[in-house]
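Okay, here's what each chain looks like letter by letter:
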Amino acid sequence: MSIILSLETSCDESAAALVSNEKGKIDLLANEIASQIDEHANWGGVVPEIASRRHLENLPFLIEEVFAKSKLQIKDIDAVAATVTPGLAGSLLVGSITARTLANLHQIPFLGIHHLEGHLSSIYLSENHPKPPFLVLLVSGGHTELIKVDVKHKYQRLGRSHDDAAGEAFDKVARLLGLSYPGGPAIQKIAKSGDPKKFLFPKGRVSKPEGGFYPYDFSFSGLKTAVFRQIEKIRSENKKLPIEDIAASFEYIVAEVLVERSFKCALDQGLNSLVLVGGVAANVRLREMMLAKASENSIDITLAPMEFCTDNAAMIGAAALLRLSSKGFKSSMELGVSARWPLEKSDLLYDPIPPF
Ligand code: KG4
Ligand code: ZN
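Residues numbered from 1 in each chain as written. Chains lettered and ligands numbered in written order. Predicted model: local features only at pLDDT ≥ 70, side-chain atom pairs only at ≥ 80, totals over all residues. Heavy atoms only, no water.

Trainee: Would you take a moment to explain the overall build of the chain for this structure?
Mentor: Each helix and strand in the chain was counted, giving ten helices and ten strands. At 21 Å, the chain has a C-alpha radius of gyration in line with the 21 Å of a compact globule built from 356 residues. Projecting the C-alpha coordinates of the chain onto the three principal axes gives extents of approximately 65 × 45 × 35 Å. Counting every position in the chain, which comprises 356 residues, the buried fraction comes to 54%. Once local pairs closer than 6 in sequence are excluded, the contacts in the chain between residues at least 24 apart make up 70%. Just so you have it, the chain exposes about 15800 Å², and 52% of that area is on carbon and sulfur atoms. The averaged location of the 42 negative side-chain charges in the chain is 4 Å from the averaged location of its 39 positive side-chain charges. (Helix = DSSP H or I, 4+ residues; strand = E, 2+ residues; numbered from the N terminus. Rg over C-alpha atoms; globule rule 2.2 N^0.38 Å. Buried < 20%, exposed > 50% of the residue type's maximum accessible area, 1.4 Å probe, protein only. Contact = heavy atoms within 4.5 Å. Areas by Shrake-Rupley, 256 points an atom, 1.4 Å probe, with all protein chains shown as cover. Lys, Arg positive; Asp, Glu negative; His and termini not counted. Charge placed at Lys NZ, Arg CZ, Asp CG, Glu CD.)

What follows is the structure, given as structure tokens:
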């Protein structure tokens, strides 16, 4: 059995968790999050400088809390993990320095974790999880990607957004509608009382230079502009803005695009297992539409547990346990942080000569 202390500080959530694995099953021993959302909401989005300062203030108390709740001590743990890429560099540094210092002091391994591998590993925090090969739709504030997982830790990106990520589109449209940050939960709430078919917003396709479209890629910036134009048109007519209908129609079209392209990709690739993870995976309409489409196509669907869709340290711990237990992966103490790094190259985070 291994016990890991894991830290997540890539964006606006400071988080710590303690996880263990026994007989291949991952147990969550303690999980704490200090959300900075209320503070960033004043600015309509994440302010990197504020985020780093808050991580610095929050992390010692979160670590103290997970040890207190699990009744474990630092001498009981076998490794320390932290997200090292992608994310806000100043924020990543706080988690990484804390983890490396603890690991060095206690002479235990340090594991730098790729944030997207963390999201992917959120499915291992529930009892039912698929075995590779499967296709993952990863939808968050920074990423919208279709990733084929052939064997554990071997990734191939088959689709991506060419502009805004799906979560970013939710956040931007929420701002146009005068709703609070983060936009996803705000839009979901108000959309419940709206008509999803009231406005027909565009699905956004990405053209190939040689003609035709990339079948598994996404574009959300045109959709955001279409929502903006619709709002302007209604305002110029001096009519009351039907916020609920706009929110519902926007949410519906985003979910439909995500579902259509993921299923096309899975079917074309001969994959009968599809996984949904990331902050936007918490969207109830998207989850329902995924499940409905899966039953039509006899594709197995795995939804990330609701509480582990948005950023948390439990998923980083799950990723670290999977790395440590397969081939004893560990990172160099010299591994730094990087704002960007491809998931396909995440094995290099465990190279004796680190890539950054
Ligand atoms: O995974 P996450 O916590 O952070 C990143 O790694 O980016 O995702 C945050 C994103 C935000 O854009 C937020 O608006 C969106 O996930 N989100 C949602 C919902 N909950 C969070 N989008 C749609 N519906 C939701 N219920
Ligand atoms: Zn995330």
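Trainee: For this particular structure, what's the right way to read the side chain of Thr9?
Mentor: Checked against the element boundaries, Thr9 lands in the loop between β1 (2-8) and β2 (13-22). In this structure Thr9 touches His55, Leu59, Ser91, Leu92, Val94 and Gly95, once residues within four positions along its chain are discounted.

Trainee: I tried to follow the coordination of the zinc ion (ligand 2) on my own but got confused; where do I start?
Mentor: Coordination of the zinc ion (ligand 2) by the protein involves His115 (NE2), His119 (NE2) and Asp311 (OD), with metal-donor separations of 2.0 to 2.1 Å. Mapping the donors of the zinc ion (ligand 2) onto the primary sequence yields the spacing H-x3-H-x191-D. Highlighted residues: His115 and His119, both in helix α4 (residues 115-121), separated by four residues, approximately one helical turn. Summarising the burial analysis for this pair, His115 and His119 share the class buried. (Donors = N, O, S within 2.8 Å, 3.2 Å for Na, K, Ca; no water.)

Trainee: Would you mind showing me how to read the packing of helix α6 (residues 183-191) against helix α8 (residues 243-268) here?
Mentor: Helix packing for two helices is described by the angle between their axes and how far apart those axes are. Put simply, α6 and α8 touch, their axes get as near as 8 Å, and they point 115° apart. Crossing angle aside, the handedness with which α6 passes α8 is left-handed. Contact with α6, carried on its side by Ile187, Gln188, Ile190 and Ala191, involves Ile243, Glu244, Ala247, Ala248, Phe250 and Glu251 of α8 and no other residues of that element. Residue classes in the contact of α6 with α8 are distributed as seven nonpolar, one polar and two charged. (Axes fitted to C-alpha atoms, helices over the stretch in contact; angles between N-to-C directions. Left-handed = near helix turned anticlockwise from the far one by under 90°. Nonpolar A, V, L, I, M, F, W, Y, C, P; charged D, E, K, R; others polar.)

Trainee: Quick question: what am I supposed to make of the sheet that holds strand β3 (residues 25-35) here?
Mentor: As a general point, the strands of a sheet are linked pairwise by backbone hydrogen bonds and lie either parallel or antiparallel. One open sheet accounts for five strands, arranged β3-β2-β1-β4-β5; its pairing is mixed. Since the sheet does not close on itself, it has two edges, and those belong to β3 and β5 (110-114), each with one partner. Within the sheet, the average angular offset between the axes of one strand and its neighbour, ignoring direction, is 20°. Packing against the sheet, helix α3 (residues 89-106) makes contact with β1, β4 (79-85) and β5, and its axis sits at approximately 155° to β4. The sheet contacts of helix α10 (residues 314-325) involve β1, β2, β3, β4 and β5, and relative to β1 the element is tilted by about 135°. (Pairing = 2+ DSSP bridges.)

Trainee: Quick question: what am I supposed to make of the nonpolar core here?
Mentor: Side chains of a nonpolar character, in soluble globular proteins, are inclined to be buried together. Counting residues in hydrophobic clusters, the biggest one holds 115 residues, and the most contacted among them are Leu5 and Phe250. The residues touching Leu5, leaving out its near neighbours within four places in the chain, are Ala17, Leu18, Ile63, Val66, Phe67, Ile77, Ala79, Val80, Ala81 and Leu102. (Core = buried A, V, L, I, M, F, W, Y, C linked by side-chain atoms within 4.5 Å.)

Trainee: Would you mind showing me how to read the site of ligand 1 here?
Mentor: Residues in contact with ligand 1 amount to 20 residues; listed here are only the nearest, His119, Gly141, Asp171, Gly184 and Asp311. In the model, an oxygen atom of ligand 1 is placed 2.8 Å from a nitrogen or oxygen of the Gly141 main chain. The side chain of Asn283 places a nitrogen or oxygen atom 3.0 Å from a nitrogen atom of ligand 1. Protein contact buries 89% of the 560 Å² of open area that ligand 1 shows by itself. Taken together, the elements giving at least two residues each to the shell around ligand 1 come down to α4, α5 (166-176) and α6. By residue number, the principal contributor to the shell around ligand 1 is α6, which donates four residues. By residue class, the composition of the shell around ligand 1 is six nonpolar, twelve polar and two charged. (Near = heavy atom within 4 Å. Polar contact = N/O pair within 3.5 Å; in protein donor to acceptor, adjacent residues only side chain to side chain.)

Trainee: Where do I start with the packing of aromatic side chains in this structure?
Mentor: Aromatic ring pairs are reported here in terms of the distance separating the ring centres and the angle at which the planes meet. In the structure shown here, the tally under the stated rule is five aromatic pairs. Seen from their ring centres, Phe170 and Phe250 are 5.0 Å apart, and the 75° between their planes marks the pair as edge-to-face. Residue Phe170 is located in helix α5, and its partner Phe250 is located in helix α8; the two are separated by 80 residues in the primary sequence. Per residue, the accessibility class of Phe170 equals that of Phe250, and both read buried. On the basis of an interplanar angle of 20° and a centroid distance of 5.9 Å, the ring pair of Phe199 and Phe201 is categorised as stacked. In terms of burial, Phe199 and Phe201 fall into one category: buried. (Phe/Tyr/Trp six-rings, centres within 6.5 Å; stacked < 30°, edge-to-face > 60°.)

Limitation: the analysis is restricted to geometry and does not speak to function.
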